[in-house]
Amino acid sequence: MTDARRPKGVSALRALISLDDWPLAQIRRVLRRAAAWKAAFKRARGESEFGRMAEDKGTTGAFSKWDEMRFERTVGRRTVALAFFEPSTRTRLSFELAAKRLGADVVDLDVGRSSVQKGEDIAETLATLEAMGAEAIVVRTTIDDLRPYGEALQRAALVSAGAGMAEHPTQALLDVLTMLEAFGSLEGKTVAVIGDVRHSRVAASHLRLLPRLGARLVLAGPPALLEREDGRSATAIRAPSVDEAIEAADAVIVLRLQKERLTAVDRAMLGGDVDRFLARYLERYGLSAPRAARLKPSGLILHPGPVWPDVEIARAVFDDPRARIRVQVENGVFVRMAVLAEALAISSPEEEAGSAVPAACSETGDGRAPVGVERAPHYT
Ligand code: CP
């Protein structure tokens, strides 16, 4: 990230607008911390089912002292604001829970009852939240480019909760954590992303993140919905068919059909009659039960939600033991806790002493960990 693109008021690394801005070491710290908090949370509740990444891979070790601390003591009364200008269930509520579990005060802007209805724009709204003391502002918009808003803030870190069709960084992080719990590492794994790649900010973030973690990305779906205007779909392999993508995959991420983002051109490319296209979608491109049978037994099924049952995924596949849709939601809270810890510049005593970020996380100039380090299971 160039200096010219950095938010002026706060450290560039506190904000999360694009995963491109975060070094791999920071991404790994967030994933490790999320896994550690998940394990600590389950331990505190007396639950014995820990994710493999946390339990088997030794992930919790680096943060073990801090995991056991009361989060409020570390965080104090910090302030997080949520400003969702687009609807959300998972992201908004998990950010709220995440902030509360960190012991922060949370204000959640109700856009429908706010002065946005009187014409106040997004920049003014965010400046107002900052003036009230928000140190991290979690923002979802229909707008693709959040950088101007991040740069206009003086003290608060802007955290993207999904920006138009451009990026949904925390969704990609929680999907990665979900896959790491099963695989330990994504090095050499094939991840098939199926469906509306064209309009999906989730797909855009995966196109950025997964190759950095050593995964091979394969795209499949309706040809009219695979080409992204930002050109990023060209960086991934295009499977000849959805069936072949699924057969090759270690994990399948089925995308939400973004009906609300279809333009007149998109509709024409889908044959003009979108309802007819949707009526045949499951059979032609969706994860039907016969198609799920093509996925290897160790494969994973993910969907960012909200799911359109019997269109994108057959309802019966929800109960497939390989499905991780609810685990993704669960992991979202812990990933967002870890992202907010970055935004609020909270570091553990171990980190402050310089001992908690292992040498294995140091990066080479191209943002990739040194060869060999990528394979260290509990840091990938
Ligand atoms: N995956 C996701 O962003 O869901 P919500 O729109 O419900 O937040």
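Residues numbered from 1 in each chain as written. Predicted model: local features only at pLDDT ≥ 70, side-chain atom pairs only at ≥ 80, totals over all residues. Heavy atoms only, no water.

## Here we look at the environment of Gln258
Next, step 1: Here Gln258 is to be found in the loop between strand E8 (251-254) and helix H11 (264-269).
Next, step 2: Classification of Gln258 by relative accessible area gives buried; the value is 7%.
Next, step 3: A C-alpha to C-alpha distance of 6.4 Å links Gln258 and His199, two positions 59 residues apart in sequence.
Next, step 4: Not counting residues within four places of it along the chain, the set of residues in contact with Gln258 comprises Asp196, His199 and Ser200. (Helix = DSSP H or I, 4+ residues; strand = E, 2+ residues; numbered from the N terminus. Buried < 20%, exposed > 50% of the residue type's maximum accessible area, 1.4 Å probe, protein only. Contact = heavy atoms within 4.5 Å.)

## Overview of the sheet that holds strand E1 (residues 79-84)
Next, step 1: If you trace the 4 strands from one edge of the open sheet to the other, you get E2-E1-E3-E4, paired in parallel fashion. Each edge of the open sheet is held by one strand with a lone partner, namely strand E2 (105-109) and strand E4 (157-163). For this sheet the average axis-to-axis angle between neighbouring strands, irrespective of direction, equals 15 degrees.
Next, step 2: In this fold helix H6 (residues 122-131) packs onto E1, E2, strand E3 (136-141) and E4, with an angle of close to 160 degrees to the strand it touches most, E3. (Pairing = 2+ DSSP bridges. Axes fitted to C-alpha atoms, helices over the stretch in contact; angles between N-to-C directions.)

## Observations concerning the sheet that holds strand E9 (residues 300-302)
Next, step 1: Read from one edge to the other, the open sheet built from 5 strands follows the order E7-E6-E5-E8-E9, with strand pairing classed as parallel. Strands at the two margins of the open sheet, each flanked by one partner only, are strand E7 (237-238) and E9.
Next, step 2: Strand direction decides the pairing type here: E8 and E9, joined by 3 bridges, are parallel. From the neighbouring strand, Ile253 faces E9, where its bridge partner is Leu302.
Next, step 3: Across the sheet, helix H8 (residues 169-183) touches strand E5 (190-194), E8 and E9, and the angle it forms with E9 is around 165 degrees.

## Examining the nonpolar core
Next, step 1: Counting residues in each nonpolar core, the largest one holds 63 residues, and the members touching the most others are Val80, Val138, Leu173, Met179, Leu186, Val193 and Leu340.
Next, step 2: By residue number, the principal contributor to this core is H8, which donates 9 residues.
Next, step 3: Both of domain 1 (3-168 + 333-360) and domain 2 (170-327) provide at least three residues apiece to this core.
Next, step 4: Sequence-distant contacts of Val193, that is, excluding residues within four places in its chain, are made with Ala203, Leu217, Val218, Leu219, Ala220, Ile253 and Leu255.
Next, step 5: By size, the runner-up hydrophobic cluster in this structure holds 32 residues, among which are Val252, Tyr285, Ala314 and Ile325. (Core = buried A, V, L, I, M, F, W, Y, C linked by side-chain atoms within 4.5 Å. Domains from an automatic or database assignment.)

## Digging into the side chain of Ser88
Next, step 1: Structurally, Ser88 can be placed in the loop between E1 and helix H5 (90-101).
Next, step 2: There is a polar contact of 3.4 Å between the side chain of Ser88 and the backbone nitrogen of Thr91. (Polar contact = N/O pair within 3.5 Å; in protein donor to acceptor, adjacent residues only side chain to side chain.)

## As for the packing of H8 against helix H15 (residues 325-343)
Next, step 1: One way to put it is that H8 packs onto H15 with a least axis distance of 8 Å and a crossing angle of 115 degrees. H8 and H15 meet at a crossing whose hand is right-handed. On the side of H8, the interface is formed by Thr170, Gln171, Leu173, Leu174, Asp175, Leu177, Thr178 and Glu181, while H15 contributes Val327, Gln328, Asn331, Gly332, Val335, Arg336 and Val339.
Next, step 2: Looking at the contact of H8 with H15, its residues break down into 6 nonpolar, 6 polar and 3 charged. (Left-handed = near helix turned anticlockwise from the far one by under 90°. Nonpolar A, V, L, I, M, F, W, Y, C, P; charged D, E, K, R; others polar.)

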